[in-house]
Amino acid sequence: MSKYIFITGGVISSLGKGIASASIGKILESRGLKVALMKLDPYINVDPGTMNPYQHGEVYVTEDGSETDLDLGHYERFTNTISSKFNNITTGQIYNSVISRERKGDYLGKTIQVIPHITDAIKERIEKCALVSKADIVIVEIGGTVGDIESLPFLEASRQFRLDMGYDNVLYIHLTLVPYIKAAGEVKTKPTQHSVGTLREIGIIPDVLICRTEEPLTDSVKEKISLFCNVRKEAVIESPDKDSIYQVPLVFKEQILDEIILSHFKLICKSSDLKEWERSVVNRVLNPKNKITIAVIGKYIELQDAYKSIYEALIHGGIHNDARVEIKRIDSESLEKGKVEKILEGVSGILVPGGFGYRGIEGKIKAIKFARQNKIPFLGICLGMQCAVIEFARNVCGLASANSTEFKQTKYPVISLLEEQKKFKDLGGTMRLGAYPCKIRKNSLAFKVYEKGLIHERHRHRYEFNNQYKNLFEKKGISFSGIYPQKELVEIVELKNHPYFIAVQFHPEFKSKPDKAHPLFREFIKAALSSKP
Ligand code: GLN
């Protein structure tokens, strides 16, 4: 039978609950346990697929093609788990399933209520994840902040879980903020007390508190938190700001959080070993020999979270190559008005990530032209590949008005919609989603990068390269080195006379890990380092 850890957040959002959850997963895995991680999202959307990045941040795509919360990216990067649709639940999904059951008559005669029908549906989904994953411990992160109206059914379901499963099989961890007040010259525990108080009103008494803090917590502060919040002192864990998120498992380990969890569950496990993680990830990310600047040309660059997996994958490429990757986030619209060579001065590599809609496209195309002409290493991802194709069509093949039909009707639709996409009326969940095989041509850059001829990568797009233009492009110097064989779809394009110019229709960033950088990012950083100005 699985054990369950519920992780809630208090005081404010953005405390790093996802990273805390992933780090707990990491330290438990290092004790030889099989873990599964879940995120419960309180919004009413069925999934984040149709949300604007300004609202939601990155949409993380799983192998099975679910569009999910970006915290699932942290889970996969920190642990050996592979997520699926079972690892992310939204309020929208829960209501959807309850209402469709009601329409079928499954609840005949009954009034459908939040308790027990909605909470039962939530609990069923959590148990389903345990069943499918066969995990020893299921870590369930509850989105939002305690006190929000939206997250109440999730909190209520998690409260009931201990009653259903037994005291020893369920553990509650609450993540809070202990702010340092400059004027008073001390940290304040009151917000944490209030937050735990709110949780207790719901019926949840936390077993562990993780306190996010800028200043170290003294013994007396920990004692105070312990007393007022009714949590054992050793279970008051401090989580200070760190230079790298990859240090957090070590911070928890130092405070024997794994022991606290295991002794609650009465589990006896092998001792943990995070030495390899410390050596190959933490030490390398903190003390790299080299430094390099990579430009990311996007339109949500002012947001931390919109290109989360891309930024992490670049850092992973840096870890592998012993380099600190400084990411220069460039607003693609600024390139439309400004001087490209000025804005991109000093960058050693250019990455154009995925996206939707016409805004900012012309700036991305300008940056790609600059990378192509000046032999600057370039990695294009999804929309980034489509822009590379448009740029090549316009500036090398002489198809001046070439475009994607996503943006304009044009004489030269080098990127267009597949027939099968045209039949969809709904926008939610109807893109080409999840992992597809891709065959790689021998003697290509892609083959050199991947060192194999068949790969599986995750997709999230509607539009594709238009195969009518294949011959012309090949004649002009583009190589189509990756193909989805069943439908002859172009997955990878590369330039022949360039040190590193590769663009892919899929999203390699979702599969990169700190201790195993994705090959495309690893080689991109390597190429950038060797062409450093
Ligand atoms: N908008 C493009 C498409 O739908 C690219 C999507 C993406 O970059 N994820 O095909």
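As the structure is a computational prediction, the values presented were derived from the model and not from experiment.

K.L.:
Hey, could you run me through the site of the ligand in this one?
P.N.:
Taken together, the residues surrounding the ligand are G354, G355, F356, C382, L383, Q386, E406, R460, H461, R462, Y463 and H507. Between G355 and the ligand, the recorded distance is 2.9 Å, taken from a backbone N or O atom to an oxygen atom. Within the side chain of Q386, one N or O atom sits 3.1 Å away from an oxygen atom of the ligand. Of all the secondary-structure elements, those providing two or more residues to the shell around the ligand are helix 16 (383–395) and strand 19 (454–461). Taken together, the residues of the shell around the ligand break down into 4 nonpolar, 5 polar and 3 charged.

K.L.:
Please clarify how the sheet that holds strand 1 (residues 3–9) should be interpreted in this entry.
P.N.:
Paired through their backbone hydrogen bonds, the strands of a sheet run either parallel or antiparallel. Spatially, 5-2-6-1-7-10-11 is the arrangement adopted by the 7 strands of the open sheet, whose pairing is parallel. Edge positions in the open sheet fall to strand 5 (88–90) and strand 11 (236–240), since each of these has one partner strand only. The sheet shows a mean angle of 20° between the axes of neighbouring strands, taken without regard to direction. Direction of pairing for strand 1 relative to strand 6 (residues 137–142): parallel, over a ladder of 5 bridges. Paired with F6 across the two strands is V140, which belongs to strand 6. On the sheet, helix 5 (residues 114–133) packs against strand 1, strand 2 (35–41), strand 5 and strand 6 and is oriented at approximately 155° with respect to strand 2. Contacts between helix 6 (residues 152–165) and the sheet are confined to strand 1, strand 2, strand 5, strand 6 and strand 7 (170–177), with strand 7 contributing the most and set at about 145° to the helix.

K.L.:
Teacher, can you tell me more about the side chain of Q160 here?
P.N.:
Among the structural elements, Q160 can be located in helix 6. There is a polar contact of 2.8 Å between the side chain of Q160 and the side chain of K123. Contacts of Q160, omitting those with residues within four sequence positions, involve I115, T119 and K123.

K.L.:
It is not clear to me how the sheet that holds strand 15 (residues 378–381) should be interpreted in this structure. Could you clarify?
P.N.:
If you trace the 9 strands from one edge of the open sheet to the other, you get 13-12-14-15-23-22-21-18-19, paired in mixed fashion. The sheet is open, and its two borders are formed by strand 13 (323–331) and strand 19, each paired with just one other strand. Direction aside, neighbouring strands of the sheet carry axes that sit 25° apart on average. Lying over the sheet, helix 12 (residues 308–320) contacts strand 12 (290–298), strand 13, strand 14 (349–352) and strand 15, oriented at roughly 150° with respect to strand 13.

Calculation criteria
- Chains are numbered independently. Their residues run from 1 in the order of the written sequence.
- The model is predicted, so local features are restricted to residues of pLDDT at least 70 and side-chain atom pairs to those at 80 or more, both for listing and for counting; the totals for chains, interfaces and linings are taken over all residues.
- Computation of side-chain values: all heavy atoms of the structure, hydrogens and water removed.
- Residues are counted as near a molecule or strand when any one of their heavy atoms sits within 4 Å of it.
- Whenever a nitrogen or oxygen atom comes within 3.5 Å of another N or O atom, the pair is scored as a polar contact, on the condition that within protein one atom can donate a hydrogen and the other can accept it, and that pairs from neighbouring residues in sequence are kept only if both atoms are in side chains.
- In DSSP terms, a helix is any run of H or I states spanning at least four residues, a strand is any run of E spanning at least two, and both are numbered starting from the N terminus.
- Here the nonpolar group is Ala, Val, Leu, Ile, Met, Phe, Trp, Tyr, Cys and Pro; Asp, Glu, Lys and Arg are the charged ones; every other residue, Gly included, is treated as polar.
- Strands were regarded as paired on the criterion that DSSP finds at least two bridges between them.
- A fitted line through C-alpha atoms serves as each axis, taken over the contacting stretch for helices, and the angle formed by two N-to-C directions is quoted from 0 to 180°.
- In this description, contact between two residues means that some pair of their heavy atoms is separated by no more than 4.5 Å.

Remember, this is a structural readout, not a statement about activity or role.
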